[in-house]
Amino acid sequence: MGLSSFKRALWVFHIATGSCNGCDIEIVAALTPRYDVERFGIKLVGTPRHADALLVTGPVTRPMAERLKRVYEQTPDPKAVVVVGGCGSTSGVFYESYNVVGPVDAIVPVDVYVPGCPPRPEAIIHGVVTAVAKLEELAGEKR
């Protein structure tokens, strides 16, 4: 599957909603020279207003729920949400914790799940590439 309709770099905004930083470290590892995702056009950006996709790590804590909604709304359409790690998918070991309101999909729609605790950089890259395919589908529907 080529990048026929999505003809530019994929800009990604990373938001940690209560993670232990294990998944965050693996995301940073994907940016290092060993994996160098920027050579494929995948770039982390500093604001959701410039992003095509959101990388979300961790279960959603009570203080972060409203912030996650706001970041999701600030991300322009078409957009994809990639949840990195088991905690963002199921709340992991924090399930039913007093300060956790749930997994990411309880707050915003999720397109791609990357399992693992923490997932390897290769898995994260695969998840982002899957999000690119989703964005291509959306771009094709708007024609």
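Residues numbered from 1 in each chain as written. Predicted model: local features only at pLDDT ≥ 70, side-chain atom pairs only at ≥ 80, totals over all residues. Heavy atoms only, no water.

Participant: Help me out: how do you make sense of the pattern of salt bridges in this one?
Facilitator: Any two side chains of opposite charge can pair, so long as their charged atoms come close to each other. A complete count under the given rule lists three salt bridges for this structure. Where Lys134 meets Asp111, a salt bridge forms, and the shortest distance between an N and an O atom there is 3.5 Å. In this pair, Lys134 sits in helix 4 (residues 121–141) while Asp111 sits in the loop between strand 6 (100–102) and strand 7 (112–114), placing the two residues 23 residues apart along the sequence. Relative accessible area serves as the criterion here: at 21%, Lys134 is assigned to the partly exposed category. Asp111 sits in the partly exposed class, given a relative accessible area of 33%. Across the pair Glu122 and Arg120 runs a salt bridge whose closest N-O atoms are separated by 3.6 Å. On the basis of relative accessible area, Glu122 is assigned to the partly exposed category, the value being 40%. (Salt bridge = Lys/Arg side-chain N within 4 Å of Asp/Glu carboxyl O. Helix = DSSP H or I, 4+ residues; strand = E, 2+ residues; numbered from the N terminus. Buried < 20%, exposed > 50% of the residue type's maximum accessible area, 1.4 Å probe, protein only.)

Participant: What am I meant to see in the sheet that holds strand 2 (residues 42–44) here?
Facilitator: Strands belonging to one sheet form pairs held by backbone hydrogen bonds; the direction of such a pair is parallel or antiparallel. Pairing is parallel across the open sheet formed by five strands, whose spatial order is 2-1-3-5-7. Two strands bound the open sheet, and with one partner strand each, they are strand 2 and strand 7. This sheet shows a mean twist of 25° between the axes of neighbouring strands, independent of strand direction. In this structure, strand 3 (residues 53–57) lies alongside strand 5 (residues 80–84), joined through five bridges in parallel fashion. Bridge pairing in strand 5 places Leu54 opposite Val81. The sheet contacts of helix 1 (residues 22–31) involve strand 1 (10–16), strand 2, strand 3 and strand 5, and relative to strand 3 the element is tilted by about 135°. Most of the contacts of helix 2 (residues 62–74) go to strand 1, to which it runs at about 170°, and overall it touches strand 1, strand 3 and strand 5. (Pairing = 2+ DSSP bridges. Axes fitted to C-alpha atoms, helices over the stretch in contact; angles between N-to-C directions. Contact = heavy atoms within 4.5 Å.)

Participant: Looking at this structure, how should I read the environment of Asn21?
Facilitator: Within the secondary structure, Asn21 is located in the loop between strand 1 and helix 1. When the C-alpha atoms of Asn21 and Pro118 are compared, they prove to be 9.0 Å apart, with 97 residues separating the residues in sequence.

Participant: How should I be thinking about the side chain of Ser91 in this particular structure?
Facilitator: Looking at where Ser91 falls in the secondary structure, it is placed in the loop between helix 3 (86–90) and strand 6. Using a relative accessible area of 2% as the deciding quantity, one classes Ser91 as buried. Beyond its immediate sequence surroundings of up to four residues, Ser91 is in contact with Pro59, Gly86, Val100, Gly102 and Pro103.

Participant: Teacher, can you tell me more about the packing of aromatic side chains here?
Facilitator: Aromatic ring pairs are described here by two measures, namely the spacing of the ring centres and the angle between the planes. According to the stated counting rule, one finds zero aromatic pairs in the structure shown. Sitting over the face of the ring of Tyr72, Lys79 holds its NZ or CZ atom 3.9 Å from the ring centroid. (Phe/Tyr/Trp six-rings, centres within 6.5 Å; stacked < 30°, edge-to-face > 60°. Lys NZ or Arg CZ within 6 Å of the ring centre and 35° of its normal.)

Everything listed is a geometric property; what it means functionally is a separate question.
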